[in-house]
Amino acid sequence: MVKKVVIFIIILSNLYSQDIYQKSCVECHKSLPASLQRMFMNYLLVYSGEENVKVGLFHYIRYPHKDTSVMSKLFIETIGVKRPIPRHKLSDKDLKEAIDIYWEKYKVFDKIR
Amino acid sequence: MLVLKNRVTNSILNSERKSLLRFLTLYILMSTVVILLLSIFYYQYQDKLNLANHRTQLSTYAHDLIRRLKRTHHFFDQSQIYPRDNRFKSAIYDMEYINIFSILDEKKVYFHKEIYRINSKIHFVKVLDNYYLGAKYLIIEVDDIDDWIDEVIKNIILYGVVALLLLALFGLYLSRLFLKPMRDYLMLLDTFIKDTTHELNTPLSAILANIEMMDREVMVEKNIKKLHRINIAAKTVSTIYNDLTYLVLKRENASYNIDINMQDIIYDRVEYFDILASSKKIEFRIDLEPIILYIDKEKITRVIDNLISNAIKYNKRGGFIDIILRDKYLVISDSGIGIEESKIPYIFDRYMRFNQSEGGFGIGLSIVKDILNEYHISIDVESQINIGTKMVLRW
């Protein structure tokens, strides 16, 4: 019994320690052939600045479409356009937060030497 | 005749000098502005030319770098090293003008100029089509080797000075051309006066001598009055005659300086002019101290004669003339019609009469000035219209 409770607590704390980005993005992306890093670079290639990238990505996650995708034609044809994440699963606020974390994680300023 | 000509051409009158100076200043000023403008155009042209030469080179650098940025972008997960090149410095900025990475020496960037100079660097701004690493603006920086500027400035100074010099010479020639009619006129007048003076000598001496010799005892009252008037007229002519002779004959002569008692000479000249003054009911108010000056008697007489005769000529009926002589100065002031302030600088010019209604050649004051200059005596003129004129001589 005690063992079960401990395991439950560990799982719970594990869940809480993951941020909103880990929870709502990474999990689903794990199985995809292109990394989130790759996708980020593609976003930069098209949208350049921080505001622009964030607004573009926000819009794409809500309204994904093959014409607005930054991925290659081949990629979209094999994987298919993602399904939009509805608001009741991820609020606007949480999505913004997730995107902010995503930006911070991969932005070029800090890494380039 | 030749001597005379030289004298005229050598003596530049104040009025002449002023118009000459005005013309030349304006002319030089305008030429300078034109040359300056041309220099600026030339400089800008050279500047553009130089930048254009750089542009081709910098554009090649930019293309090189873009190719390498593309590679960095695609392999960013493996290597995050910014592509460097020892031929130039560079920087990338995103669409929001945020610096992504920079190794520029000069951090100030103007995104909307294609190429420009800044603090001895040249910046070339390239707008990317694909935003590798998020970069929209790529800046290439090279040292601005500005040896061309020295060359350009050298050229500007050299050609500018030469052009200015040529223009100035031309201006001088032009102004001489403008002044020539005035000079010709002055020369004519000089010649005329010289010729006339010779002819006046004999008759004038005859008149003066005969007036002195006339026996007033046997004359009726009416005739004495007439003789008196003849005497005044003759003395006026004599003053003019003396001025003219001084002008055309004596001026070149060396001065014969002796100690002169100014008090005596002034009394003498006042007495001489008394008859002229009393005809206009003008009163002399004299306050003299015995002062000795080392001077040419003939010349100082011309000075005093002219000042007094002017004071009489331009005085009112029943006016006065004050003469004050002190150790360092002589004041002659009258209660006359005065001189307009704007004309005061020109009253010492030859042939300048400061009142058209009075006769005369306008040479008296030019002689005064001439003589005073020789003895380094200054003369100040203060005048108020209808109140009077005050001449102060200081030595």
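Residues numbered from 1 in each chain as written. Chains lettered and ligands numbered in written order. Predicted model: local features only at pLDDT ≥ 70, side-chain atom pairs only at ≥ 80, totals over all residues. Heavy atoms only, no water.

**A few points about the overall build of chain A**
Check the secondary structure of chain A and you find seven helices and zero strands. Shown N-terminal to C-terminal, the secondary structure of chain A runs as helices and strands in the order α-α-α-α-α-α-α. With 113 residues in all, chain A has 37% of them scored as buried. (Helix = DSSP H or I, 4+ residues; strand = E, 2+ residues; numbered from the N terminus. Buried < 20%, exposed > 50% of the residue type's maximum accessible area, 1.4 Å probe, protein only.)

**Regarding the overall build of chain B**
When you go through chain B residue by residue, the secondary structure sums to seven helices and 12 strands. Counting across all 395 residues of chain B, residues that qualify as buried make up 43%. Look at the contacts in chain B between residues 6 or more apart in sequence, and 68% of them connect residues 24 or more apart. Counting only carbon and sulfur atoms, one obtains 59% of the accessible surface of chain B, whose full area is about 22500 Å². (Contact = heavy atoms within 4.5 Å. Areas by Shrake-Rupley, 256 points an atom, 1.4 Å probe, with all protein chains shown as cover.)

**Structural notes on the pattern of salt bridges**
The tally for this structure, following the rule as stated, stands at 28 salt bridges over all chains. Notably, a salt bridge pairs A:Asp67 with A:Lys66, separated by 3.9 Å at the nearest N-O pair. Relative accessible area serves as the criterion here: at 54%, A:Lys66 is assigned to the exposed category. Put simply, B:Arg285 and B:Asp322 hold a salt bridge, and the shortest N to O gap is 2.7 Å. Of this pair, B:Arg285 sits in strand β7 (residues 283-287) while B:Asp322 is found in strand β9 (residues 320-325), placing the two residues 37 residues apart along the sequence. The exposure class assigned to B:Asp322 is buried, which follows from its relative accessible area of 16%. (Salt bridge = Lys/Arg side-chain N within 4 Å of Asp/Glu carboxyl O.)

**Quick look at the environment of B:Ile275**
Residue and element names in this part refer to chain B. Following the sequence through the fold, Ile275 ends up in helix α5 (residues 262-279). Taking the relative accessible area as the measure of exposure, Ile275 reaches 16% and is therefore buried. For Ile275 and Arg229, which are 46 residues apart along the polypeptide, the C-alpha to C-alpha distance reads 9.1 Å. Setting aside its immediate chain neighbours within four residues, Ile275 contacts His228, Asn231, Ile232 and Lys235.

**Some words on the confidence of the model for chain B**
Residues and elements named next belong to chain B. On average, residues of chain B score 87 in pLDDT, and 92% of them reach the 70 mark or higher. Averaged pLDDT values over the elements of chain B bottom out at 40 in helix α1 (residues 2-10) and peak at 96 in strand β1 (residues 89-93). With pLDDT under 50 throughout, residues 1-10 is counted as low confidence; its partners more than four residues away or in other chains account for 16 contacts. This complex was scored by the predictor with a pTM of 0.59 and an ipTM of 0.86. (pLDDT = per-residue confidence, 0-100.)

**Some words on the interface of chain B and chain A**
Taken together, the 22 residues of chain B in the interface contact 18 residues of chain A. Carbon and sulfur atoms make up 62% of the area that chain B and chain A hide from each other, which totals about 1700 Å². Counting every contact that joins chain B to chain A gives zero salt bridges. For the pair chain B and chain A, the number of links is 11 residue pairs in polar contact (both at pLDDT 80 or more). Breaking the side of chain B that touches chain A down by element, the ones donating at least two residues are α2 (14-74) and β2 (99-102) of chain B. For the side of chain B that touches chain A, the leading source of residues is β2(B), giving three residues. For the side of chain B that touches chain A, the class distribution of residues is 11 nonpolar, six polar and five charged. (Buried area = accessible area lost by both parts, 1.4 Å probe. Polar contact = N/O pair within 3.5 Å; in protein donor to acceptor, adjacent residues only side chain to side chain. Nonpolar A, V, L, I, M, F, W, Y, C, P; charged D, E, K, R; others polar.)

**Details of the sheet that holds strand β4 (residues 121-127) of chain B**
Strand pairing in a sheet is mediated by backbone hydrogen bonds. Such pairs are either parallel or antiparallel. All names here are of chain B. Spatially, β2-β1-β5-β4-β3 is the arrangement adopted by the five strands of the open sheet, whose pairing is antiparallel. The open sheet has two edge strands, β2 and β3 (115-118), and neither has a second partner. The mean angle between the axes of side-by-side strands here comes to 20°, regardless of whether they run parallel or antiparallel. In terms of strand pairing, β3 meets β4 through four bridges, oriented antiparallel. Residue pairing in the sheet places Ile115 in a bridge with Phe124 of β4. (Pairing = 2+ DSSP bridges. Axes fitted to C-alpha atoms, helices over the stretch in contact; angles between N-to-C directions.)

**With respect to the pairing of strand β11 (residues 378-384) of chain B**
Residue and element names in this part refer to chain B. A one-sided burial pattern is seen for β11, the buried positions being Ile379, Val381 and Ser383 and the unburied ones Ser378, Asp380, Glu382 and Gln384. Where β11 lies against strand β12 (residues 388-394), seven bridges are found, and the strand directions are antiparallel. What sits directly across from Asp380, in β12, is Val392. Taking the residues between adjacent antiparallel strands as the criterion, β11 and β12 are bridged by three residues, where Asn386 takes a positive phi near 65°.

**Brief notes about unusual backbone geometry**
All names here are of chain B. Positive phi, normally seen in glycine, also occurs at Tyr97, with a value near 60°. You will see that His376, though not glycine, has its phi angle at about 55°, which is positive. Tracing the backbone through its elements, the reader meets His376 in the loop between α7 (364-374) and β11. On the basis of relative accessibility, which here comes to 71%, the residue His376 falls in the exposed class.

**Considerations on the side chain of B:Asp322**
Separated by 2.7 Å, the side chains of B:Asp322 and B:Arg285 make a polar contact. If we ignore the near neighbours within four places in the chain, the residues touching B:Asp322 are B:Arg285, B:Val331, B:Ile332 and B:Ser333.

**As for the packing of helix α6 (residues 297-313) of chain B against α7(B)**
Residue and element names in this part refer to chain B. Look at α6 against α7: their axes get within 9 Å of each other, and the N-to-C directions meet at 140°. As judged from the angle between their axes, α6 and α7 are oblique. When the axes of α6 and α7 are compared, the crossing they make is left-handed. Contacts between α6 and α7 pair Lys299, Arg302, Val303, Asn306, Leu307 and Asn310 from the former with Gly364, Leu365, Ile367, Val368, Ile371, Leu372 and Glu374 from the latter. The residue makeup of the contact of α6 with α7, split by class, is seven nonpolar, three polar and three charged. (Parallel < 35°, antiparallel > 145°, perpendicular 65-115°, else oblique. Left-handed = near helix turned anticlockwise from the far one by under 90°.)

**Details of α7(B)**
All buried positions along α7(B) are accounted for by B:Gly364, B:Leu365, B:Ser366, B:Ile367, B:Val368, B:Ile371 and B:Leu372. Looking one or two residues past α7(B), B:His376 carries a phi angle of roughly 55°, positive in sign.

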